[in-house]
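# Architecture and fold: a report
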Amino acid sequence: MNARAALFDLFGDHLRTRGSRASVAALVRLLSPLDIAAPAVRTAISRMVRQGWLDPVRLPQGPGYAVTPKCERRLDETAVRVYRRGAAPWSGRWHVLVLEPVRDRARRERLRADLAFLGYAPLSETTWIGLRPSPELDALRVPGHRFESAYEGDPRDLLARAWDLDGIGSAYEDWLASAADLVGSLPEDAPDDRVFAIRSRLVHGWRNFLFRDPGLPAELLPPGWPGEKARTFFEQEAARLLPAAAAFVERNLTT
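These figures come from a predicted structure and were not determined experimentally.

Take the overall build of the chain next. The helix and strand tally for the chain stands at 10 helices and seven strands. In terms of overall size, the chain behaves like a compact globule, its C-alpha atoms giving a radius of gyration of 20 Å where 255 residues would be expected to give roughly 18 Å. For the C-alpha atoms alone, the extent of the chain along its principal axes is close to 60 × 40 × 30 Å. Within the chain, the fraction of its 255 residues that count as buried is 49%. Within the chain, counting contacts between residues at least 6 apart in sequence, those at least 24 apart form 75% of the total. Carbon together with sulfur atoms contributes 51% to the accessible area of the chain, which is approximately 13,200 Å² in total.

Within the structure shown, the criterion is met by 10 salt bridges. With its nearest N and O atoms 2.7 Å apart, the salt bridge here joins E237 to R240. Remark: R240 and E237 occur in helix 10 (residues 226-254); sequence separation between them is three residues, near one turn of the helix. Residues joined by salt bridges that share partners form a network here, namely D9, D13, R199 and R207.

For the rest of this paragraph, the subject is the side chain of H95. Note on placement: H95 falls in strand 4 (residues 94-99). Beyond its immediate chain neighbours, meaning those up to four positions away, H95 contacts Y120, W128, I129, G130, R132, P133, L137, R146, F147 and E148.

Turning to the nonpolar core, a few remarks are in order. Formed by 44 residues in total, the largest nonpolar core has its most connected members in W94, L115, W163, W175 and F234. Put simply, the parts of the chain that give this core at least two residues each are helix 4 (69-83), strand 4, helix 5 (105-117), strand 6 (127-130), helix 7 (155-162), helix 8 (165-184), helix 9 (192-207) and helix 10. If one sorts the elements of this core by residue count, helix 8 sits on top with eight residues. Residues A6, L7, F8 and A44 belong to the second largest nonpolar core, which totals 32 residues.

Here we come to the side chain of E77. When you line up the elements, E77 lands in helix 4. E77 sits in the buried class, given a relative accessible area of 13%.

This brings us to the sheet that holds strand 2 (residues 54-59). The antiparallel open sheet is built from three strands, whose spatial order is 1-3-2. Unpaired on one side and paired on the other, strand 1 (21-23) and strand 2 mark the two borders of the sheet. In this sheet, neighbouring strand axes are inclined to one another by 30 degrees on average, regardless of whether the strands run parallel or antiparallel. Relative to strand 3 (residues 62-67), strand 1 runs antiparallel, the two sharing three bridges.

Another aspect to go through is the packing of helix 2 (residues 24-31) against helix 3 (residues 38-50). Across the interface, helix 2 lies against helix 3 with an axial gap of 9 Å and an inter-helix angle of 125 degrees. On the basis of the axis angle, helix 2 is oblique to helix 3. The hand of the helix 2/helix 3 crossing is right-handed. Between helix 2, through V24, L27, V28 and L31, and helix 3, the contact on the second element is made entirely by A38, V41, R42 and I45. For the contact of helix 2 with helix 3, a count of residues per class yields seven nonpolar, no polar and one charged.

Reading the values: the criteria
Residues numbered from 1 in each chain as written. Predicted model: local features only at pLDDT ≥ 70, side-chain atom pairs only at ≥ 80, totals over all residues. Heavy atoms only, no water. Helix = DSSP H or I, 4+ residues; strand = E, 2+ residues; numbered from the N terminus. Rg over C-alpha atoms; globule rule 2.2 N^0.38 Å. Buried < 20%, exposed > 50% of the residue type's maximum accessible area, 1.4 Å probe, protein only. Contact = heavy atoms within 4.5 Å. Areas by Shrake-Rupley, 256 points an atom, 1.4 Å probe, with all protein chains shown as cover. Salt bridge = Lys/Arg side-chain N within 4 Å of Asp/Glu carboxyl O. Core = buried A, V, L, I, M, F, W, Y, C linked by side-chain atoms within 4.5 Å. Pairing = 2+ DSSP bridges. Axes fitted to C-alpha atoms, helices over the stretch in contact; angles between N-to-C directions. Parallel < 35°, antiparallel > 145°, perpendicular 65-115°, else oblique. Left-handed = near helix turned anticlockwise from the far one by under 90°. Nonpolar A, V, L, I, M, F, W, Y, C, P; charged D, E, K, R; others polar.

Structure (structure tokens):
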């Protein structure tokens, strides 16, 4: 886990409900159990400021950083998809993006990564589909046209064409096996900093599925979909480890 990813996870999982801000010293302390050194934390913070995710603030504990409105939107949408908080059922209609050609390769690759994170999948180089409109599309300034549409055919065929279901299913099985080993390595009397580290790695690994599975509708998935078993394990273990992890966060925010 690199420092920038760890900071996004920390703000989204703990600090969003604690004022969305923290001192630099607290951020360094909080990432220490993840073996992320202070210089890496400061470098990642500077990068996130340049990218518009964080703003510098002055706190009683000293210099610090707060999330920007852009970052708030990203963290809140991510929380809905990670924890299924308030996620609406699929309406049966698809959100379709028909993109204008992007000639610059770096910008094109960045746009593809952003769209994948927001839950879209490509049908072709310029046509992408999603289960619902993402509120972040306007901020991305996606060049092209948008439609809501019903598919004239079996939606399971369209789903299987756009998303690699075999690959996603295998990834869920692999993640579940490694997550069980990760959580199983934690002694019952583990200190809260160790619990925080294990839970952070658990959540980080689960968040990676945001790039692959936008919350595909259960009614369109194959029988025995491994994502459901993986989700049940994640939700149970993330909730079980949360009190000790939260105690570690609280203590280091106020030190």
